Amino acid sequence: MSDEVTVIYGSGKAVAVVDAASTQLQLAFPNLRPTLKDFIHNDGTQERLACLCGTVPTRPETPNGAVYNIPVDVWLPARFPRAAPMMYVIGTSTVGIRTSPIVDTSGKVTIKLPYFFWDPDEAYPAAAVVSLVEQVCVAFGKAIPVYSRAQGDEAPRASGVEPQTLVSHAALLRAVEKKIATKRRILESGEASQISKLKEVNAQLRTGQQQLERDLHRGATELAAARAATTELEGVITELDGRLASAADLQSTPVDELVISNAPLHRQMLRLVAEISALEDVLMTVGHGLRTGEVKLPEYLRLTRGVLLRQFNARVLLLKARDVAMMAYQ
């Protein structure tokens, strides 16, 4: 039958909802049996639908407290649960249908109850179907929808079913416990998907927490490395500040102390270079005097000869000093 149900109701989700509704109706009303039947619409067209056939108990508002079993068919339309279920009171050769505010002459139950409204977006449609049938049973107690054709309108009892006597207190307790267990199974089956979703969300949160912890650990490692690099840079900056301070102190040092070397050979080379430069200045001065007439030619020749000799000796000594100091002559 499951293949035919799939053909009728289409998607797997809709089939699951129909199966759940059938199962929970059977749990709440054991006399209902699921089957597939042809439903005839008002225009004469037929449609294959899921139907739960059997009887539902109802207790009329009378002092004797008798219980009647009402023959009904509960139909699940092809668009269920978007479309509300349909319920019909079934008449037979011995049982007639009594019209009432919720039952018409064809036996169709008009589902317009004061405390019930079918929501197309119902989260738990199976439980809603059970609640609907329960409320219809209560409404049947106010106006029994069937009567025995043999008795006419005198006794509104279901055909072939004798009134049940009041059960004992213990049996009543068992019935209440069974009802509570049924309600609990309905709620558990309806909430199973929600629990599964919550578990999936919980697993995702745990994965995100682990990822966040790894990111925090990596961030702490990078922060420690950045602090170590900052400390090293601060040390370099301190060293550079010290060197700048030393350079500032050198500005106040006399130039002679910076030029004069501690090595004797270098000091001698420095004196020879100074002497050669001084002799050059002497030659320039004597030549200027000759041009202006302040120095006579004989005097110029005598002075020039002596200066050039001294300059030659100084240059020779400078060359020797460079050779000893292994410096190239320029």
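These lines cover the structure that appears in this document, whether it is placed above or below. (Residues numbered from 1 in each chain as written. Predicted model: local features only at pLDDT ≥ 70, side-chain atom pairs only at ≥ 80, totals over all residues. Heavy atoms only, no water.)

Topic: a nonpolar patch on the surface
Okay, step 1: A contiguous nonpolar surface patch, about 260 Å² in accessible area, is contributed by Leu290, Leu297 and Leu301.
Okay, step 2: Here leucine 290 lies in helix H6 (residues 264-292).
Okay, step 3: The exposure class assigned to leucine 290 is partly exposed, which follows from its relative accessible area of 30%. (Patch = residues over 30% accessible without salt bridge, like charges linked within 9 Å, V, L, I, M, F, W, Y side chains within 5 Å. Areas by Shrake-Rupley, 256 points an atom, 1.4 Å probe, with all protein chains shown as cover. Salt bridge = Lys/Arg side-chain N within 4 Å of Asp/Glu carboxyl O. Helix = DSSP H or I, 4+ residues; strand = E, 2+ residues; numbered from the N terminus. Buried < 20%, exposed > 50% of the residue type's maximum accessible area, 1.4 Å probe, protein only.)

Let's talk about the packing of aromatic side chains
Okay, step 1: The full count for this structure, using the stated rule, is two aromatic pairs.
Okay, step 2: Taking 5.1 Å as the distance between ring centres and 65° as the angle between the ring planes, the aromatic pair formed by phenylalanine 39 and tryptophan 75 counts as edge-to-face. One end of the pair, phenylalanine 39, is in strand E1 (residues 33-40); the other, tryptophan 75, is in strand E3 (residues 68-76), and 36 residues separate them in sequence. Neither residue differs from the other here; phenylalanine 39 and tryptophan 75 are each classed as buried.
Okay, step 3: Clustering of aromatic rings is evident, with ring pairs tying together Phe39, Trp75 and Tyr88. (Phe/Tyr/Trp six-rings, centres within 6.5 Å; stacked < 30°, edge-to-face > 60°.)

A short note on the pattern of salt bridges
Okay, step 1: Summed over all chains, the structure comprises six salt bridges.
Okay, step 2: Notably, a salt bridge pairs glutamate 275 with arginine 310, separated by 3.6 Å at the nearest N-O pair. Of this pair, glutamate 275 sits in helix H6 while arginine 310 sits in helix H7 (residues 297-324), placing them 35 residues apart in sequence.
Okay, step 3: When its relative accessible area of 49% is taken as the criterion, arginine 310 is described as partly exposed.
Okay, step 4: Between glutamate 280 and arginine 315 there is a salt bridge, with its nearest N and O atoms 3.3 Å apart. Linking glutamate 280 in helix H6 with arginine 315 in helix H7, this pair joins segments that are 35 residues apart in sequence.

Comments concerning the environment of alanine 28
Okay, step 1: Tracing the backbone through its elements, the reader meets alanine 28 in helix H2 (residues 12-28).
Okay, step 2: Residue alanine 28 is classed as buried on the basis of its relative accessible area, which comes to 15%.
Okay, step 3: Spatially, the C-alpha atom of alanine 28 lies 6.3 Å from that of threonine 182, the residues being 154 residues apart in sequence.
Okay, step 4: Here alanine 28 is in contact with Val130 and Thr182, once residues within four sequence places are set aside. (Contact = heavy atoms within 4.5 Å.)

Overview of the sheet that holds strand E2 (residues 46-58)
Okay, step 1: Strand order in the open sheet formed by four strands is E1-E2-E3-E4, and the pairing between neighbours is antiparallel. Both edges of this open sheet fall to E1 and strand E4 (86-89), since each of them pairs with a single strand only. Ignoring strand direction, the axes of neighbouring strands in this sheet form an average angle of 35°.
Okay, step 2: Where E3 lies against E4, four bridges are found, and the strand directions are antiparallel. (Pairing = 2+ DSSP bridges. Axes fitted to C-alpha atoms, helices over the stretch in contact; angles between N-to-C directions.)

A few points about H6
Okay, step 1: Across its 29 residues, H6 extends 42 Å between first and last C-alpha, which sits within 8% of the 42 Å expected from 1.5 Å per residue.
Okay, step 2: Inspection of H6 places Met269, Leu272, Ile276, Leu279, Val286, Gly287 and Gly289 among the buried residues, and these make up the whole buried set.
Okay, step 3: Buried residues along H6 sit in contact with H7.
Okay, step 4: With its phi angle positive at about 90°, glycine 293 sits one or two positions after the end of H6. (Expected span 1.5 Å × (residues − 1).)

Observations concerning the packing of H6 against H7
The relative placement of two packed helices comes down to the angle between their axes together with the axis-to-axis distance.
Okay, step 1: Contact geometry of H6 with H7 gives a least axis separation of 9 Å together with a crossing angle of 160°. Taken together, the axes of H6 and H7 are roughly antiparallel relative to one another. Of the two elements, H6 crosses H7, and the hand of that crossing is left-handed. (Parallel < 35°, antiparallel > 145°, perpendicular 65-115°, else oblique. Left-handed = near helix turned anticlockwise from the far one by under 90°.)

Regarding the nonpolar core
A general feature of soluble globular proteins is that nonpolar side chains tend to end up buried together.
Okay, step 1: One finds Ile70 and Phe140 to be the most contacted residues of the largest nonpolar core, which totals 44 residues.
Okay, step 2: The set of elements that each furnish at least two residues to this core consists of H2, E1, E2, E3, E4 and helix H3 (125-142).
Okay, step 3: When residues in this core are grouped by element, the largest group, nine residues, is from H3.
Okay, step 4: If we ignore the near neighbours within four places in the chain, the residues touching phenylalanine 140 are Thr58, Ile70, Val72, Met87, Val89, Ile102, Val103, Val109 and Pro145.
Okay, step 5: Ranked by size, the runner-up nonpolar core spans seven residues in total, among them Met269, Leu318, Ala321 and Ala325. (Core = buried A, V, L, I, M, F, W, Y, C linked by side-chain atoms within 4.5 Å.)

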